[in-house]
Amino acid sequence: MPTISIFQQDFAQLLGQPASIPDIEQWLPWVKGELKDVNSDTGEVRVELQDTNRPDLWCVEGIARQIRAVLTGSLTPHSFFSTRGRAKRRIQVIPGMEHVRPYVAACTSVGYPMTVEGLAQCIQTQEKLAEAFGRQRETVSIGLYRLSSIAFPVTYGLVKPDEVRFTPLGFEEKMTPQEILTVHPKGLEYGNIVAGYERLPLLWDTDGQVLSFPPIINSRELGEVQIGDTDLLVEVTGTDLSMVILALNIFASNLADRGATIEPIDIVYPYETAMGKTVKTPLDMGNTQRVLFHAIEQALGMALGAEAIQTALTSYGYQVKATRQSVDVKLPAFRNDLMHVMDVAEDVAITRGYDSFSPIMPQTFTVGALSQQEQTSDQLRDLLVGFGFQEMFSNILASRHELVERMRLAGTEYESLVEVDNVMSQTYACLRPSILPCLLRVEALSPRVFYPHLLFEVGEVARVDKEANVGSRTVLALSAISAHPGANFSEMHSYLDLLMYYMVWPYDLEPVSHPSFLDGRVGRICCQGQVIGYIGEFHPEVLESWQIDMPTSGFEIEVTTRNT
Amino acid sequence: MSSPNQTDSLHPLEIQVLQALGTASTEALKEPELVQATALAASQVSMAVGWLLTKQLVHLVSEITTTYVALTDVGIQFQQAESPLEWILHMLQASSQDGQSTTVKDLQATGRFQPTELSRAFGLLKKEGVLSLGAGGSLHATGQKSAMAETLRQLLNEIHEGSRPLHSFSADQQVLLRQYAVKRGNTQEPFRIDDHTERAFALTPEGRNLLPNLREDAGQEISQLTPELLKDGSWRNHSFRKYSIHLRPPRLAVGRRHAYRDFLDTVKTKLTSMGFQEMRGELVETEFWDMDALFMPQFHPARAIHDVYFVKEPKHAKRIPEPFLSQVAETHKNGGGTGSKGWQYAYDPERAKRLVLRSQGTAVSARTLATNPPIPSKFFSIARCFRYDNVDATHATDFFQVEGIVLGSDINFRTLLGLLKLFATEMAQAKEIRFLPAYFPFTEPSVEMHVRHPKLGWMELGGAGLFRSEVTVPLGVTVPVIAWGLGLDRMAMVALGIQDIRDLFTSDLEAVRNMRRQL
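Residues numbered from 1 in each chain as written. Chains lettered and ligands numbered in written order. Predicted model: local features only at pLDDT ≥ 70, side-chain atom pairs only at ≥ 80, totals over all residues.

*Asks:* Give me the lowdown on the domain arrangement of chain A, citing residues and values where you can.
*Replies:* Residues and elements named next belong to chain A. Taken domain by domain, chain A comprises domain 1 (3-72), domain 2 (79-281), domain 3 (289-354) and domain 4 (372-563). Taken over C-alpha atoms, the centre of domain 1 sits 23 Å from the centre of domain 3. Taken together, the contact between domain 1 and domain 3 spans seven residues of the former and eight residues of the latter. Of the residues contributing to the side of domain 1 that touches domain 3, the split by class is three nonpolar, two polar and two charged. (Domains from an automatic or database assignment. Contact = placed C-beta atoms within 7 Å. Nonpolar A, V, L, I, M, F, W, Y, C, P; charged D, E, K, R; others polar.)

Dropping the structure here:
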């Protein structure tokens, strides 16, 4: 969910009417936007955009365009999408690009003198599109250039890493692409995208001047746009043709909305693409789709009628042609998010406003119920509370140190855990296989809290199980501990015995050895031939490692298995 | 506070203190005087005074804090034998008489004092000019008298008579006392400097009024009825001391549900009462159920390494059940049979098997959809979910999501709003609701519900929508399905008086025992 900065004045100008903060707040639902922050001194407004499928809305121009359409009832399509014949300028793609970064789209923008705010917005859009939509420049990256210094045709081709030298943005001296990858901050940040290729992508003009090393960095001579520049070249490269073209369509529409004249450029490929070998960009890729009125009405639960649906869609910027039963709709060229009739239905609802749909209470009867596990869990909780135990509620993620080392389980059969691969913090690196460490953590942190401490928790744990489809099982477990100067095995045994009696779970205790407990004061809890848990006095070494100075005993039983 | 039979409820200790104050020659008595007058232990007096203060039968007349100096065990030893200063001077005197020279090492070797103690004494004596250091580390007395040693001796002797206020000493003496007083890290010092607060108490008018009625047989009353007294009927010969029922009772450690879990119990009860069936899932989930089945494309930004916890070992599940895998794969590629054009990319069935810690409760709903659920039906789950996040006051790494689904042929956008309205009233007692457009990868239309809670004001209560056909159809469901999720943690935190989300799962027993619902 991108958050962007827009400026109130700039926004009002693009909208073509004054826009107060309450106005903006009222309009933002049309773009699934939320006002985050307003700086009344600078007029800066922070807006969070929810829709990850509408990159056209991640900029002030797009937001203003969408709101303007709803306010005025329609959207006038940009004329540069429908120019005829070949373009004035050309970019030639060299064979071999199809294996590295196959696609490029470009256009020129003339007549809009770049302002401080305009440039800031351009850079913001460039970043949001390349980062969030273009997956950190991998599928889409964008470059802006000073058009007047470039001699067409431009070539999009490959060079050896040390074949050319140019001055990259942010540096004073000329460097080879290889050097850029090893020392330039952008080379270090994005170099992985072109890693492993013998030859690297480059854009150069007919005089041999380098425009950029996509997707890494622009040349400083041609690619450093200044305030006041009126003639620009916009270029998008990437690995997904329709995403590359969509990004250019958005960028071109934004500049056009600021008053620029957009002229398309022909991209000439030596290989076939989904749009042909010569692709004039920007390009309206939208298809007309037929949608039944009935489908929309059924989805929205309201007989809106053909006219209301048409009006709503037109207001939202669709091109609409109605027949008796259906409507042929086409999205504007800067959108490519129509996958299903429900997408159209939602746009109808958004234009009309969600509050215009009166809620209908659900009528159908269904039986409510808790799962068997939850019922058992509640039964156990009631009993333990009645026995005088305080219920605890812990995080399921814990550290290996707590779960294994402190429990004296390292190097034993009990040490395997479900561990996180991409650990953020060692404190939360493993799923707990038992709740006992969570309760001992409480004991360790609460030595000055009024005694006795009788604690329990019923909750989920994850146990490694090689046979299971996901390599582990989620198990419901009950753990209880008692900590006070007289805590011992017999006391916990009494509680366990009473619990098993009320649950009608006949059980036996078998003497065993368990590293967490004192030998001779630990038992395996068996229920109908199955081991369901352990009971015992915690080994003094366990208590020491938790820095617990109080005798503590406890038990844990697996509840899941009891349901069958 | 005062009642006609107030004397009856007085504790014997209280009565003794009241009597001591009432018969004293001065109006106010200091604590030590009270101890003397009552012949009680100091702790008993202070307990009784505490109760009497609460009852406003006595009042605090003065409170004076004085800093006292006393001797420690080390100090008593110094006083009775020698201080290190005196000892060093003696030793040097003795050796020079024998014509021998003494070094620091020699003195240390005697083991009489700690090395640090000796070095300090050397330093002080050298500074005074009482001793000098010769060749080979030999020590010589210059013959000058040590004023310091004499002052210290004087202090040791004086304080041995009994502890004295610090301010009764001269400024120079105070400096020396502080230098030789017990500090943190060094308890081997001769002096101890402590603050003593001396409080004096007197009877309040109410307390004085009670004096004539005080019982003389205060010690003869029964405080606790016993089985013996009942068995032989001897209780009839005794009177029972009356309790001061205004006093705070002793604390209990009791059995109780966890307050946050209790809050979630209310939620689940509400949901079952509305006809929802509980569903459960696994903590470790495949990307297939966690994301693919929810029509989140495999390149979706929220699926990156910085959003989801991946499992280390094994990395992949053994299998994904068919026909769901193929159907979901087709839907991602080109829409399959769902009427959608799909995401148009090469779906990777291996990626689908990648194991993650369940990142959203909707994964449980996806699995339920694939079980051929009855129509109509309603489900909910309160599922533990995990996010790759830095844990702080507003971000938890594992947390609960309350969410569910409603399947039925009558489901549409307006019944979705109806259900949300029902939630608003049932869960948040809210009468005012706002519905706003929202975005979730798996629903269309999507809606966010804001409600005006009677106590919390406007808040986001949840998100919902109609499951996309791209979600339902590949899992075998052909009726419309509402997917909803409620964000209840904020409400829970306010109800429990918690500001930090980490406190919902705190390991601090005191905090857990004190937590209670106030909403």
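*Asks:* I'd love a proper account of the sheet that holds strand 23 (residues 508-511) of chain A, names of residues and values included.
*Replies:* Residue and element names in this part refer to chain A. On the basis of which strands lie adjacent, the open sheet formed by seven strands has the order 17-21-22-26-25-24-23 and mixed pairing. Two strands lie at the open edges of the sheet, namely strand 17 (390-391) and strand 23, each paired on one side alone. As paired strands, strand 17 and strand 21 (residues 453-464) are joined by two bridges and run parallel to one another. Pairing of E391 across the sheet is with F456, part of strand 21. (Pairing = 2+ DSSP bridges. Helix = DSSP H or I, 4+ residues; strand = E, 2+ residues; numbered from the N terminus.)

*Asks:* Can you tell me about the interface of chain A and chain B, naming the residues and giving the values?
*Replies:* Accessible area lost during the coming together of the parts is what is often quoted as the interface size. Taken together, the contact pairs 80 residues of chain A with 82 residues of chain B. Listed by contribution, the elements that provide at least two residues to the side of chain A that touches chain B are helix 8 (293-300), helix 10 (341-352), helix 11 (372-386), strand 17, strand 19 (418-419), helix 13 (436-445), strand 21 and strand 22 (472-483) of chain A. Its residues placed into classes, the side of chain A that touches chain B shows 42 nonpolar, 25 polar and 13 charged.

*Asks:* With reference to specific residues and values, describe the nonpolar core.
*Replies:* Of all hydrophobic cores here, the largest spans 189 residues; its most connected members are B:V481 and B:I482. With nine residues, the single largest contributor to this core is helix 17 (residues 413-428) of chain B. Contact partners of B:I482, with chain neighbours within four places excluded, come to B:I405, B:V406, B:I411, B:L416, B:L419, B:A464 and B:L466. Listed in part, the 65 residues of the second largest apolar core include A:I91, A:A130, A:I245 and A:A333. (Core = buried A, V, L, I, M, F, W, Y, C linked by C-beta atoms within 7 Å. Buried ≥ 20, exposed ≤ 12 C-beta atoms within 10 Å, placed from the backbone.)

*Asks:* Lay out the packing of helix 5 (residues 84-97) of chain B against helix 8 (residues 147-160) of chain B with the relevant residues and their values.
*Replies:* All names here are of chain B. In contact at an axis separation of 9 Å, helix 5 and helix 8 are set at 130° when each is read in the N-to-C sense. Put simply, helix 5 runs oblique to helix 8. Relative to helix 8, the crossing made by helix 5 is left-handed. Two secondary-structure elements touch here, helix 5 through L85, E86 and L89 and helix 8 through M148, A149, L152 and R153. (Axes fitted to C-alpha atoms, helices over the stretch in contact; angles between N-to-C directions. Parallel < 35°, antiparallel > 145°, perpendicular 65-115°, else oblique. Left-handed = near helix turned anticlockwise from the far one by under 90°.)

*Asks:* Tell me about the packing of helix 8 of chain A against helix 10 of chain A, residues and numbers included.
*Replies:* All names here are of chain A. Contact pair helix 8 / helix 10: the axes reach a minimum separation of 9 Å and the direction vectors enclose 65°. In this structure, the crossing between helix 8 and helix 10 has a hand that is right-handed. Counted together, A295, I296, A299 and L300 of helix 8 and V341, M342, V344, A345, V348 and A349 of helix 10 form the full contact between these two elements. Split by residue class, the contact of helix 8 with helix 10 holds 10 nonpolar, no polar and no charged.

*Asks:* Let's hear about helix 1 (residues 8-15) of chain A: which residues, and what values?
*Replies:* Residues and elements named next belong to chain A. Looking only at helix 1, the buried set comprises Q8, D10, F11, L14 and L15. Looking straight down helix 1, one finds its buried side chains confined to an arc of 165°; they lie on one side. Contact partners of the buried residues in helix 1: strand 1 (3-7), strand 3 (44-49), helix 3 (60-72), helix 4 (116-133) and helix 7 (241-257). (Arc of directions from axis to C-beta.)

*Asks:* I'd like a description of the pairing of strand 3 of chain A, backed by residues and values.
*Replies:* Residues and elements named next belong to chain A. Across the two faces of strand 3 the burial differs, with V45, V47 and L49 buried and E44, R46 and E48 not buried at all. Bridge count between strand 1 and strand 3: five bridges; the pairing is antiparallel. Bridge pairing links I6 to V45 in strand 3. Alignment of strand 2 (residues 33-39) against strand 3, held across six bridges, turns out to be antiparallel. Residue pairing for strand 3: L35 is matched across the bridge by V47.

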